[in-house]
Amino acid sequence: MDDLVQIATKIRNAVESVVEGKPRAVRLALTVLLAEGHLLIEDVPGVGKTLLAKALARSIDCSVRRVQFTPDLLPSDITGVSAYNAERGEFEFKPGPVFANIVVGDEINRASPKTQSALLECMEERQVTVDGATYPLESPFMVIATQNPVEMEGTYPLPEAQRDRFTARISMGYPDPAAELEMIDSHGRSSPLERLTPVAHAHDVRALAEAIRQVHLSPGVRQYAIDLITATRKHPDLRLGASPRATLQLVRAARAYAALDDRDYVVPDDLQALAVPVLAHRLLPTPEALLERRTPEQVVAALVERLPVPGPRR
């Protein structure tokens, strides 16, 4: 656990040297990486969504590919294609950008639903199937996607099945004045991203993910997670609650979140801190809730305050 915290701290410090004033967003991104999940960064233009994704990717010495999603992007542009080799007289597979440890998908909602669906198998099963042949993806594998929630022209909203495969959704938000003032100095002449060097390796991330699976989850905390998920399925403001996949990813993220605090056990506070970023983007509000402007984030926050917290075991 001590080695885990040291390596994770190096990664976090490296990312925070580029993304100023956003420690919670950086920690959540690192939590998703160690939980072997995928991250959706959603916010208005110019707040550092792509910068955070690039900084996290560059801080680890592993393969990184960036895909700019556009309306004319095809599924084969992501997964790869079988091309005919005239010299050999046979077809051979040309891997696409998804064959990398970290895939940065910029403005994912600008691609058509057909292209978005090319990521479904990759994100869930860590493999790609092309022309009947299946190709495994190397571990670690993480998709970091960004999207703009306010610019709707020429965009395609992510379907529920796609959003459910993202472990967490985070928003960057505007920096506070002090952080923005510091940004003027640090980004004035050159981007600090250009000076960022890897502080960990791919095998370090694999070892960290393996260690996090051993973080203890007590029966009381397990039941608390189930109670929280079940409450979303019964809430009158929601017509679609959290899925069983959400339960698993909430628990995995909680284990990683606890490990970053140098703990080998999960406490209810970990689940509470992760409830909104892990659950809210999977939920669909009812038409009545939309009219009254009650968001899934508000529903989840209210559930966290209302549900009783399990006490210590005696």
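Keep in mind that what you see is a predicted model, and the values were worked out from it rather than measured.

Draft legend 1. Here's a closer look at the overall build of the protein. Secondary structure assignment for the protein yields 14 helices and 13 strands. Rg of the C-alpha trace for the protein: 20 Å, near the compact-globule value of 20 Å for 314 residues, within the 12% margin. Dimensions of the protein, computed from C-alpha atoms along their principal axes, come out at roughly 70 × 45 × 40 Å. Taken across its 314 residues, the protein has 52% of its residues classed as buried. Within the protein, contacts between residues separated by at least 24 positions form 78% of all contacts whose residues are at least 6 apart in sequence. As displayed, the protein offers around 15400 Å² of accessible surface, 52% of which is attributable to carbon and sulfur atoms. One finds the centroid of the 36 positive side-chain charges in the protein at a distance of 4 Å from the centroid of its 42 negative side-chain charges.

Draft legend 2. How the structure looks around the sheet that holds strand β3 (residues 64-68). Read from one edge of the open sheet, 5 strands run β3-β6-β9-β1-β10, paired in parallel fashion. A single partner strand is all that each edge strand has here, and the edge strands are β3 and β10 (168-170). Strand-to-strand twist across the sheet, computed as the mean angle between neighbouring axes with direction ignored, equals 15 degrees. Examined bridge by bridge, strand β1 (residues 39-42) and strand β9 (residues 142-147) share 4 bridges and lie parallel to one another. In the strand pairing of β9, L39 is matched with I144.

Draft legend 3. Representation of the side chain of N101 in the model. Within the fold, N101 resides in the loop between β5 (90-95) and β6 (102-106). Polar side-chain contacts of N101 include one of 2.9 Å to the backbone oxygen of P140. In this view, N101 contacts C62, S63, E138, S139, P140, F141 and M142; residues no more than four positions away in its chain are not counted.

Draft legend 4. Representation of unusual backbone geometry. The step from S139 to P140 runs through a cis peptide bond, and the omega angle for that step is 0 degrees. Its place among the elements puts P140 in the loop between β8 (133-136) and β9. With phi around 60 degrees, E36 is a residue other than glycine that occupies positive phi space.

Draft legend 5. Geometry of the environment of A168. Its location among the elements puts A168 in strand β10. Other than its neighbours up to four places away in sequence, A168 contacts V32, H38, L39, L40, P277, V278 and H281.

Draft legend 6. Representation of the environment of L73 in the model. Tracing the backbone shows L73 in the loop between β3 and α4 (76-79). Distance from L73 to S112, taken between C-alpha atoms, is 7.7 Å for residues 39 residues apart in sequence. Setting aside chain neighbours within four positions, we find L73 in contact with V67, Q68, I78 and T115.

Draft legend 7. Spatial organisation of the pairing of strand β4 (residues 80-85). Two elements, β4 and β5, share 6 bridges in a ladder whose sense is antiparallel. Among the inter-strand pairings, G80 is bridged to a residue of β5, identified as P95. The turn linking β4 back onto β5 is made up of 4 residues, and G89 within it adopts a positive phi angle of 70 degrees.

Draft legend 8. Seen up close, the side chain of D43. Inspection of the secondary structure assignment puts D43 in the loop between β1 and α3 (49-58). Side-chain polar atoms of D43 contact the backbone nitrogen of M172, separated by 2.8 Å. A distance of 2.5 Å separates a polar atom in the side chain of D43 from the backbone nitrogen of G173. Each residue touching D43, except ones within four places of it in the same chain, is listed here: K49, Q147, N148, P149, S171, M172 and G173.

What counts and how
- Residues numbered from 1 in each chain as written.
- Predicted model: local features only at pLDDT ≥ 70, side-chain atom pairs only at ≥ 80, totals over all residues.
- Heavy atoms only, no water.
- Helix = DSSP H or I, 4+ residues; strand = E, 2+ residues; numbered from the N terminus.
- Rg over C-alpha atoms; globule rule 2.2 N^0.38 Å.
- Buried < 20%, exposed > 50% of the residue type's maximum accessible area, 1.4 Å probe, protein only.
- Contact = heavy atoms within 4.5 Å.
- Areas by Shrake-Rupley, 256 points an atom, 1.4 Å probe, with all protein chains shown as cover.
- Lys, Arg positive; Asp, Glu negative; His and termini not counted.
- Charge placed at Lys NZ, Arg CZ, Asp CG, Glu CD.
- Pairing = 2+ DSSP bridges.
- Axes fitted to C-alpha atoms, helices over the stretch in contact; angles between N-to-C directions.
- Polar contact = N/O pair within 3.5 Å; in protein donor to acceptor, adjacent residues only side chain to side chain.

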